[in-house]
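Geometric and topological summary
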Amino acid sequence: ADGARAARIEARGWGLRHPGRRDWALRGLDLIIEPGERVLLLGPSGAGKSTLLAALAGLIDPAVVETEGELLVDGRDPRSARDRTGILFQDPESQIVMGRAGDDVAFGLENRCVPSHAIWPSVDAALAAVGFPYDRDRPTHALSGGEQQRLALAGTLALQPSLLLLDEPTANLDPDGAADVRALVARVVDRLRATLVLVEHRVDESLPMVDRVVSLAAGAGVVVDGPPHRVFREHGTRLADAGVWVPDQPPA
């Protein structure tokens, strides 16, 4: 992928409230992420991190939720920029839709109307790039959690997204599986040169992958933003007291 393709994110006074709720999940969000930046998104539980990722992925219907302000991917409504976005969730099983590994990677390409003669070379290249240990006929139900996450990442890689959104991709894996997936994600991000927004509780292990840390507070938008070393040096104790995972300080 070409670095010039990396996506730009812009939020201006953006907020979202779920139906039937009095409080806003996110409100007053002002944030610009430049193309190619790699951002670790922090915040206590309930700060709206996953909500923001889902909105950026174009998965939220404004007819169902209440929104205010602007949220843009490359100057467009995220729902019309979905062809530029890849998202990986914490539960790999929830992302696998087909019974065979190759078909699962092909699914997204078929949805994008990629010509059939181009699909299988792309599938094989994506499976090879993530070190998938089986051929494309492997039944998806026979995969471990780490292997499922590899497969989901192959499906994302095949689409060549310019924005990669990762919502705790190692949360459900054992330490070895988590380390494997992290190393793999780092390789995929380097290969795509995409803009990255990562939500991850294992902050220490994630820092080599990012160049910026943004911390949110429920209904209050961005409370801390800057290079990782400065954010944790200047605000680490305050963030930990607020319930944010920070290096070397378990949250309150």
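Just above, that's the structure.
None of these values were measured; they are calculated from a predicted model. (Residues numbered from 1 in each chain as written. Predicted model: local features only at pLDDT ≥ 70, side-chain atom pairs only at ≥ 80, totals over all residues. Heavy atoms only, no water.)

**Looking at the sheet that holds strand 1 (residues 9–17)**
On the basis of which strands lie adjacent, the open sheet formed by 3 strands has the order 2-1-4 and antiparallel pairing. With one partner strand each, in any of the chains shown, strand 2 (26–33) and strand 4 (66–73) form the two edges of the open sheet. Across the sheet, the mean angle separating the axes of adjacent strands is 20° when strand polarity is ignored. Where strand 1 meets strand 2, 5 bridges bridge the pair, whose relative direction is antiparallel. Following the sheet pairing, Ala11 is matched in strand 2 by Leu31. (Pairing = 2+ DSSP bridges. Helix = DSSP H or I, 4+ residues; strand = E, 2+ residues; numbered from the N terminus. Axes fitted to C-alpha atoms, helices over the stretch in contact; angles between N-to-C directions.)

**Overview of the nonpolar core**
Of all hydrophobic cores here, the largest spans 47 residues; its most connected members are Val105, Val130 and Leu151. Breaking this core down by element, the ones donating at least two residues are strand 3 (38–42), helix 2 (101–111), helix 3 (116–129), helix 4 (145–158), strand 6 (163–167), helix 5 (175–192), strand 7 (195–199) and helix 7 (228–241). The element best represented in this core is helix 5, accounting for 7 residues. Residue contacts for Leu151: discarding those within four places in its chain leaves Ile96, Ala101, Asp104, Val105, Leu127, Phe132, Thr140 and Leu143. Formed by 31 residues, the second largest nonpolar core is a distinct cluster that contains Ala7, Trp14, Leu71 and Val73. (Core = buried A, V, L, I, M, F, W, Y, C linked by side-chain atoms within 4.5 Å. Buried < 20%, exposed > 50% of the residue type's maximum accessible area, 1.4 Å probe, protein only. Contact = heavy atoms within 4.5 Å.)

**Here's the deal with helix 1 (residues 49–56)**
An α-helix turns once every 3.6 residues. As a result, residues three or four positions apart point the same way. Most of helix 1 sits inside the fold, with 7 of its 8 residues counted as buried. Of the positions making up helix 1, those classed as buried are Lys49, Thr51, Leu52, Leu53, Ala54, Ala55 and Leu56. Gly58 sits one or two positions beyond helix 1 and adopts a positive phi of about 75°.

**A closer look at the sheet that holds strand 8 (residues 212–217)**
The strand order across the open sheet built from 6 strands is 5-6-7-3-8-9, with neighbouring strands paired in mixed fashion. If you trace the sheet from one side to the other, it starts and ends with strand 5 (85–88) and strand 9 (221–226), each paired once. Along the sheet, successive strands turn relative to each other by an average axial angle of 20°, direction set aside. Bridge count for strand 8 against strand 9 is 5 bridges, and the pairing is antiparallel. Residue pairing for strand 9: Ser215 is matched across the bridge by Val224. The strands touched by helix 1 are strand 3, strand 5, strand 6, strand 7 and strand 8; relative to strand 6, the strand with the most contacts, the crossing angle is about 150°. The strands touched by helix 4 within the sheet are strand 5 and strand 6, with strand 5 carrying the most contacts at an inclination of about 175°.

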